[in-house]
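# Coordinate analysis (summary)
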Amino acid sequence: MLHDFAYFAFAWQWVCLLLTGSVWILTHEMLSRKNSAYAALPRNRQLYVTKNVAKSILLGALSPFAAACIYVTWVHGVWMGKAYTLFGAVYVSSDVLGLLTMLKRLPTSTFVHHICVVIFGSFSLFIDYASPDAAPWRNVGMLGAFSSLTFPVNTYLGLRRTGPHEWLRDASLAVYAPCIMLSLAWQLRNVEASFASA
């Protein structure tokens, strides 16, 4: 059963890449028309802004579903396994395109982040999060779900190149800090139990 779903998830990953590419194009067009500071940036800076703003759009769209998965898992102990896999494919797609389009222009820390996300995302296609056998990997799925909720950070990371946006910086921090703390609480609570049951 998982094997058949893995093929579907792999195909879904390609759909996500096409969707993400489309969001990148629409984001670039919108920013080019509506934001004169963006239009004045060199092409490599525009790619950076586009990558982050488009990622925030996709993660923002995922956020209600990610929040539901977190709630159901944390409160009821039920893993919506296929949802974690499918959402992971959406999350990974921005990082894949970032590597493909900006490989030589990425800072080392961003490059390492994208590589880690792509590696874990690739493994995620073949993990049945609902199975107790996936216990150590579940923590990665939960980390991804919490990371989706921090989408305003990507908005700020991109738009800070077009102006100060202090309000967006403050809003990003207000979202990021509790998400990281809750994710850390989850990880600390579950990492030992996950490896003990593996």
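Residues numbered from 1 in each chain as written. Predicted model: local features only at pLDDT ≥ 70, side-chain atom pairs only at ≥ 80, totals over all residues. Heavy atoms only, no water.

## Here's the deal with the packing of aromatic side chains
Enumeration according to the criterion identifies 9 aromatic pairs in this entry. Taking 6.0 Å as the distance between ring centres and 40 degrees as the angle between the ring planes, the aromatic pair formed by Phe-65 and Phe-87 counts as tilted. Pair noted here: Phe-65 is in helix α3 (residues 43–76) and Phe-87 is in helix α4 (residues 81–102), with a separation of 22 residues, a long-range link. You can call Phe-65 partly exposed: its relative accessible area is 49%. With centroids separated by 4.9 Å and ring planes inclined at 45 degrees, the aromatic side chains of Trp-79 and Tyr-84 adopt a geometry described as tilted. Relative accessible area serves as the criterion here: at 5%, Tyr-84 is assigned to the buried category. Among the aromatic residues, ring-to-ring pairing joins Trp-74, Trp-79, Tyr-84, Tyr-129, Phe-146 and Trp-186 into one connected group. (Phe/Tyr/Trp six-rings, centres within 6.5 Å; stacked < 30°, edge-to-face > 60°. Helix = DSSP H or I, 4+ residues; strand = E, 2+ residues; numbered from the N terminus. Buried < 20%, exposed > 50% of the residue type's maximum accessible area, 1.4 Å probe, protein only.)

## Regarding the environment of Ala-67
Its place among the elements puts Ala-67 in helix α3. We classify Ala-67 as partly exposed; its relative accessible area is 34%.

## Some details on unusual backbone geometry
With a phi close to 45 degrees, His-165 is a non-glycine residue in the positive phi region. Along the chain, the position of His-165 falls in the loop between α7 (151–159) and α8 (166–197).

## Examining the nonpolar core
Counting 21 residues, the largest nonpolar core has Trp-24, Val-90, Val-92, Val-96, Met-102 and Val-118 as the members making the most contacts within it. Of all elements in the fold, only α1 (2–34), α3, α4 and α5 (108–124) reach the threshold of two or more residues within this core. With 8 residues, the single largest contributor to this core is α4. Aside from chain neighbours lying at most four places away, what touches Val-90 is Trp-12, Cys-16, Leu-58 and Leu-62. One finds Ala-83, Met-142, Phe-146 and Cys-179 within the second-largest nonpolar core, a separate group that totals 15 residues. (Core = buried A, V, L, I, M, F, W, Y, C linked by side-chain atoms within 4.5 Å. Contact = heavy atoms within 4.5 Å.)

## Quick look at the pattern of salt bridges
A complete count under the given rule lists 3 salt bridges for this structure. For Glu-29, the salt bridge goes to Arg-33, with nearest N and O atoms at 3.8 Å. Of this pair, Glu-29 and Arg-33 both sit in helix α1, 4 residues apart, which is roughly one turn of the helix. We classify Arg-33 as exposed; its relative accessible area is 68%. A salt bridge links Asp-95 to Lys-55; its shortest N-O distance comes to 3.0 Å. Taken as a pair, Asp-95 in helix α4 and Lys-55 in helix α3 lie far apart in primary sequence, 40 residues in all. Owing to a relative accessible area of 6%, Lys-55 belongs among the buried residues under this scheme. (Salt bridge = Lys/Arg side-chain N within 4 Å of Asp/Glu carboxyl O.)

## Points about the packing of α4 against α5
With their axes 9 Å apart at the nearest point, α4 and α5 run at an angle of 145 degrees to one another. Once α4 is placed against α5, the crossing between them reads as left-handed. Along its contact with α4, which presents Tyr-84, Thr-85, Tyr-91, Val-92, Asp-95, Val-96 and Leu-99, the element α5 presents Phe-111, His-113, His-114, Ile-115, Val-117, Val-118, Gly-121 and Ser-124. (Axes fitted to C-alpha atoms, helices over the stretch in contact; angles between N-to-C directions. Left-handed = near helix turned anticlockwise from the far one by under 90°.)

## Side note on helix α6 (residues 135–148)
Compared with an ideal rise of 1.5 Å per residue, which puts 14 residues at 20 Å, α6 spans 21 Å between its outermost C-alpha atoms and is within 8% of the ideal. The complete set of buried residues in α6 reads Ala-135, Arg-138, Asn-139, Gly-141, Met-142, Ala-145, Phe-146, Ser-147 and Ser-148. (Expected span 1.5 Å × (residues − 1).)

## Some details on the environment of Leu-62
Tracing the backbone through its elements, the reader meets Leu-62 in helix α3. For the pair Leu-62 and Phe-151, spaced 89 residues apart in sequence, the C-alpha separation works out to 9.4 Å. Dropping the residues within four chain positions of it, Leu-62 is found in contact with Phe-87, Val-90, Tyr-91 and Ser-148.

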